[in-house]
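# Coordinate inspection notes
Spelled out, the chains give:
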Amino acid sequence: YNTLATFLSSLDFKPLDADSSVFCRDGIIIAIYVDDLLIAGASKSAIDQIKAALSERFKMTDLGACHFYLGMEVIRDRPRRTLRLSQTAYIQKVLQEHGFGSCKPVTTPMETSSRLVPANSDYQADKAFRRKYQSIVGSLMYAMLGTRPDLAFAVSVISRFSANPTKTHMKAVERILRYLHDT
């Protein structure tokens, strides 16, 4: 990262205050994830110049137009000048991994009539159960942050119980999975 950040700085790119792995200069954005770079901007010639500079300094492969990035599908419609992001494949994978590939769907991510509360003070969740719960919650957080803001409230509620989840909390998590299956 330091080597790449220093090189991008020499090209007058500045990291964002909000995310130091995203660099900007004159309407060109470079997002970095480990050894993958995503370059976006309005000027194809400016992007080509940056790619050429990067190729001189680093061994790299240009994969062309972005179709997938970090589990998100990028769908471009140039005539309509639209760009859409989708995590359908990611969500289907999560559903399959946790046994919800074919389940009874629901139309809301949470029950409106119930309220989740912490476990009793004498209860301690089994380590394997806690890990499974945390794994699903983490997957839901990634979907929520990427393309599914409709999950924000439900995921914020269930994440509060990650340290010591109960079967009731897991039922709430499973409901979100069933909602994803429906949507």
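So, a few notes on the structure that sits alongside this text. Keep in mind that what you see is a predicted model, and the values were worked out from it rather than measured.

## Regarding the overall build of the protein
- From N to C terminus, the protein includes six helices and seven strands.
- Whereas a compact globule of 183 residues would reach a radius of gyration of roughly 16 Å, the protein reaches 21 Å, over 25% beyond that.
- Based on the C-alpha atoms only, the size of the protein along its principal axes is roughly 60 × 40 × 25 Å.
- Counting only residues that meet the buried cut, the protein has 35% of its 183 residues in that class.
- Of the roughly 12,200 Å² of accessible surface on the protein, a fraction of 53% belongs to carbon and sulfur atoms.

## Quick word on the nonpolar core
- Within the largest apolar cluster, 28 residues are counted, with the highest numbers of intra-cluster contacts made by Y133, L140, L151, I158, V173 and L177.
- At the level of elements, helix 3 (88–97), helix 4 (127–146), helix 5 (152–159) and helix 6 (167–182) are the ones that each hand at least two residues to this core.
- A per-element tally of this core places helix 6 first, with seven residues.
- In contact with Y133, other than residues within four places in its own chain, are I158, F161, S162, P165, H169, M170 and V173.
- Ranked by size, the runner-up nonpolar core spans 14 residues in total, among them F7, F23, I30 and L54.

## Describing the packing of aromatic side chains
- For the structure on display, the rule yields three aromatic pairs.
- Taking the centre distance of 5.5 Å and the plane angle of 90° together, the rings of F7 and F58 count as edge-to-face. A residue pair is termed long-range when its members are at least 10 positions apart, and F7 in helix 1 (residues 2–10) and F58 in the loop between helix 2 (44–57) and strand 5 (68–69) qualify at 51 residues.
- Its end group placed over the ring of F58, R57 keeps NZ or CZ at 4.8 Å from the ring centre.

## With respect to the pairing of strand 6 (residues 72–77)
- Sheet topology places strand 5 next to strand 6; two bridges connect them, and they run antiparallel. For Y69, the partnering residue across the bridge sits in strand 6 and is M72.
- Remark: two residues form the turn of the hairpin made by strand 5 and strand 6, two consecutive strands paired antiparallel; L70 in that turn has positive phi of roughly 50°.
- For strand 6 and strand 7 (residues 82–86), the ladder comprises five bridges, and the chain directions are antiparallel. Within strand 7, the position partnered with R76 by the bridge is L83.
- Connecting strand 6 to the next strand, strand 7, in antiparallel fashion are four residues, including R81 with a positive phi near 55°.

## Quick look at the sheet that holds strand 5
- Across the sheet, three strands lie side by side as 5-6-7; this open sheet has antiparallel pairing. Because the sheet does not close on itself, it has two edges, and the strands there are strand 5 and strand 7.

## Topic: helix 1
- Those residues of helix 1 not exposed but buried are L4, A5, F7 and L8. The arc that holds the buried residues of helix 1, viewed along the axis, is 165°, so those residues lie on one side. When the buried face of helix 1 is taken as reference, the exposed residues oriented beyond 90 degrees from it are N2, T6 and S10.
- Buried residues belonging to helix 1 abut strand 2 (22–25), strand 3 (28–33), strand 4 (36–40) and helix 2.
- Residue D12 follows helix 1 closely and has a positive phi angle near 70°.

## Focus on the environment of P105
- Mapped onto the fold, P105 is located in the loop between helix 3 and helix 4.
- In this structure P105 comes out as partly exposed when scored by relative accessible area, which is 38%.
- As a C-alpha pair, P105 and V137 span 32 residues in sequence and 19 Å in three-dimensional space.
- Those residues within four positions of P105 in sequence are excluded, and the remaining contacts are R178, H181 and D182.

Each value, and the rule that gives it
- Residues numbered from 1 in each chain as written.
- Predicted model: local features only at pLDDT ≥ 70, side-chain atom pairs only at ≥ 80, totals over all residues.
- Heavy atoms only, no water.
- Helix = DSSP H or I, 4+ residues; strand = E, 2+ residues; numbered from the N terminus.
- Rg over C-alpha atoms; globule rule 2.2 N^0.38 Å.
- Buried < 20%, exposed > 50% of the residue type's maximum accessible area, 1.4 Å probe, protein only.
- Areas by Shrake-Rupley, 256 points an atom, 1.4 Å probe, with all protein chains shown as cover.
- Core = buried A, V, L, I, M, F, W, Y, C linked by side-chain atoms within 4.5 Å.
- Contact = heavy atoms within 4.5 Å.
- Phe/Tyr/Trp six-rings, centres within 6.5 Å; stacked < 30°, edge-to-face > 60°.
- Lys NZ or Arg CZ within 6 Å of the ring centre and 35° of its normal.
- Pairing = 2+ DSSP bridges.
- Arc of directions from axis to C-beta.

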